[in-house]
Amino acid sequence: MTFQAWAAFAAATAVLLVIPGPTILLVISYALGQGWRTALPVALGVALGDFTAMTLSMLGVGALLATSASVFTALKWLGAAYLVWLGVKLFRAGGTLDAEPRADAAPAWKMLGHAWLVTALNPKSLTFFVAFLPQFLDPKAGFWTQMLIFEATFIGLAFANAMGYALVASRARAAVRNPRAVGIFNKAGGTLLIGAGIATAAIRSSSN
């Protein structure tokens with residue numbers, strides 16, 4: 001794996017993680033209801049959930065790569081289209097952020113388990129990883145080495161992202177619940193996702 005490939009993966013991952021999904025909405029809900037003390041257990045649960053979902057997805061991608069190069073290439077094209085679809089959906093989401101404060105005083109282990117289940121068992125997570133990861137895999141390089149590096153990078157960034165959201169939500173609650181701020185954030189994130197999908201498709205075309 002080249003440094004450029006890893007840097008592109010890390011940059012794309014950072015952008016995608018910042019965009020709120022079911023996991024981040026759960027993080028915000030706990031932080032709004034119980035404050036900054038929820039940050040560590042919830043972030044650990046998110047990291048474990050992403051590890052579970054990403055491992056299952058990578059094994060599936062590895063099986064496709066071993067079975068057929070043409071199927072793997074088709075998956076890359078579908079992945080690019082999926083990124084554009086996610087971007088359009090996020091751009092049109094408006095200023096809504098469905099994250100109600102969780103008033104129940106849950107212990108740390110329960111918050112960790114809840115975050116793990118929501119992240120690992122979300123079908124969208126598995127679909128996302130299957131669509132996203134092939135964009136950066138080199139079929140000619142060692143699959144397991146790439147898998148280890150990509151997983152470590154993604155999980156580290158996911159942990160930091162969840163921690164950041166929890167701390168921000170616990171201290172800047174008005175901004176998190178401001179429809180105008182959320183709308184701007186959604187449009188910016190949607191635009192970045194659409195751009196990532198188009199750029200990926202352009203790279204595929206130029207390489208063929």
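Residues numbered from 1 in each chain as written. Predicted model: local features only at pLDDT ≥ 70, side-chain atom pairs only at ≥ 80, totals over all residues. Heavy atoms only, no water.

Helix and strand counts for the protein chain come out as nine helices and zero strands. Overall, the protein chain shows an N-to-C arrangement of helices and strands of α-α-α-α-α-α-α-α-α. Of all 208 residues assigned to the protein chain, the portion counted as buried reaches 41%. Here the protein chain has roughly 10500 Å² of accessible surface; of this, 72% comes from carbon and sulfur atoms. (Helix = DSSP H or I, 4+ residues; strand = E, 2+ residues; numbered from the N terminus. Buried < 20%, exposed > 50% of the residue type's maximum accessible area, 1.4 Å probe, protein only. Areas by Shrake-Rupley, 256 points an atom, 1.4 Å probe, with all protein chains shown as cover.)

Mapping Tyr82 onto the fold places it in helix α4 (residues 69-91). For Tyr82, a relative accessible area of 16% gives the class buried. Sequence separation of Tyr82 and Phe128 is 46 residues, and the distance between their C-alpha atoms is 8.1 Å.

A separate point is the side chain of Thr55. With respect to the secondary-structure elements, Thr55 resides in helix α3 (residues 39-67). Only 2.7 Å separates the side chain of Thr55 from the backbone oxygen of Phe51, close enough to count as a polar contact. Once residues within four sequence positions are removed from consideration, Thr55 is found in contact with Met147 and Glu151. (Polar contact = N/O pair within 3.5 Å; in protein donor to acceptor, adjacent residues only side chain to side chain. Contact = heavy atoms within 4.5 Å.)

All right, on to the packing of helix α2 (residues 22-34) against helix α5 (residues 108-120) then. α5 packs onto α2 with a crossing angle of 160° between their chain directions and a minimal axis gap of 9 Å. In terms of their interaxial angle, α2 and α5 are classed as roughly antiparallel. As for the relative orientation of α2 and α5, their crossing is right-handed in sense. From α2, Pro22, Thr23, Leu26, Tyr30 and Gln34 reach across to α5, where they touch Met111, His114, Ala115, Val118 and Thr119. Of the residues assigned to the contact of α2 with α5, the class counts are six nonpolar, four polar and no charged. (Axes fitted to C-alpha atoms, helices over the stretch in contact; angles between N-to-C directions. Parallel < 35°, antiparallel > 145°, perpendicular 65-115°, else oblique. Left-handed = near helix turned anticlockwise from the far one by under 90°. Nonpolar A, V, L, I, M, F, W, Y, C, P; charged D, E, K, R; others polar.)

Geometry only, nothing functional implied.
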